Amino acid sequence: MPTDSPLPSAIASAATRCLDRAMIKIHHCLDQLTDEQIWWRPNSEMNSIGNLMLHLAGNLRQWVVAGLGGAEDHRNRPLEFAERRPVERAVLVEKLESSVADAKSAIARLTEAGLLEVHVIQGFEVTGAAILFDCLPHFQGHTQEIISFTRMQLGVNYRFEWAPKSADEGAE
């Protein structure tokens, strides 16, 4: 492929959109929850929304910001899941938002060579492209988990972020 290929830019645009949409959904959930609900666990063996937010921030920093972007990796993965005391909402949001912003910055700088370059992260040899194909579905999966935990707690009071309004959108 020529060096002026539009592929890295197209991939960066799609990845950014994916992260932005997930963040809209996470914020939509947080706006409906109390601080106590953010740290609620379905049972003691499962994570809270707060833990999931810490985990998403750590994962993006390690795999995308450090892996793709070349920053130093200071992740403490076990701590993301071990946290039991409520971290302030503003701190959680800032950690996740700054990780997303830094990840989007690293993604925006991707080149064809960067997509093909091999990195070793958590003992796995992965290309830049594989990092994105792993991290983005991971981010979306935990976003859906956050939505699910929000719905479990709020029941019929849960407000959907989007619902179809026309036949074209799937409404009856």
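Just so we're clear, the structure is a prediction, and the values are computed from it rather than from any experiment.

A word on the nonpolar core. Within the largest apolar cluster, 45 residues are counted, with the highest numbers of intra-cluster contacts made by Val64, Leu96 and Phe139. Mapped by element, the contributors of at least two residues to this core are α1 (7-30), α3 (49-68), α5 (89-108) and α7 (128-154). Ranked by residues supplied to this core, first place goes to α3 with eleven residues. Setting aside residues no more than four positions away along its own chain, Phe139 makes contact with Leu19, Ala22, Met23, Ile26, Leu56, Leu60, Leu96 and Val100.

Our focus in this paragraph is α3. Along its 20 residues, α3 runs 26 Å from first to last C-alpha, staying within 8% of the 28 Å computed at 1.5 Å per residue. Remark: the principal bend of α3, roughly 35°, maps to Arg61. Taken across its 20 residues, α3 has 19 buried, putting it largely inside the fold. Capping the start of α3, Ser48 holds a side-chain oxygen 3.3 Å from the backbone nitrogen of Gly50, two or three residues further along. Positive backbone phi, approximately 85°, marks Gly70, located one or two places after α3.

Here we come to the packing of α3 against α7. Two quantities define a packed helix pair, namely the angle between the helix axes and the distance between the axes. Contact geometry of α3 with α7 gives a least axis separation of 10 Å together with a crossing angle of 170°. In this view, α3 runs roughly antiparallel relative to α7, as classed from their interaxial angle. Where α3 abuts α7, its residues Ile49, Leu52, Met53, His55, Leu56, Asn59, Leu60, Trp63, Val64, Gly67 and Leu68 lie against Gly128, Ile131, Leu132, Cys135, His138, Phe139, His142, Glu145, Ile146, Phe149, Thr150 and Gln153.

For the pair α3 and α5, the least separation of the axes is 9 Å and the interaxial angle reads 25°. Of the possible angle classes, the one that applies to α3 and α5 is roughly parallel. Crossing of α3 against α5: the hand is left-handed. Residues Gly50, Met53, Leu54, Leu56, Ala57, Leu60, Arg61, Val64 and Val65 of α3 pack against Leu92, Val93, Lys95, Leu96, Ser98, Ser99, Val100, Asp102, Ala103, Ala106 and Ile107 of α5.

So, how was this worked out
- Residues numbered from 1 in each chain as written.
- Predicted model: local features only at pLDDT ≥ 70, side-chain atom pairs only at ≥ 80, totals over all residues.
- Heavy atoms only, no water.
- Core = buried A, V, L, I, M, F, W, Y, C linked by side-chain atoms within 4.5 Å.
- Buried < 20%, exposed > 50% of the residue type's maximum accessible area, 1.4 Å probe, protein only.
- Helix = DSSP H or I, 4+ residues; strand = E, 2+ residues; numbered from the N terminus.
- Contact = heavy atoms within 4.5 Å.
- Expected span 1.5 Å × (residues − 1).
- Bend = angle between axes of the 7 residues up to and from the residue.
- Polar contact = N/O pair within 3.5 Å; in protein donor to acceptor, adjacent residues only side chain to side chain.
- Axes fitted to C-alpha atoms, helices over the stretch in contact; angles between N-to-C directions.
- Parallel < 35°, antiparallel > 145°, perpendicular 65-115°, else oblique.
- Left-handed = near helix turned anticlockwise from the far one by under 90°.

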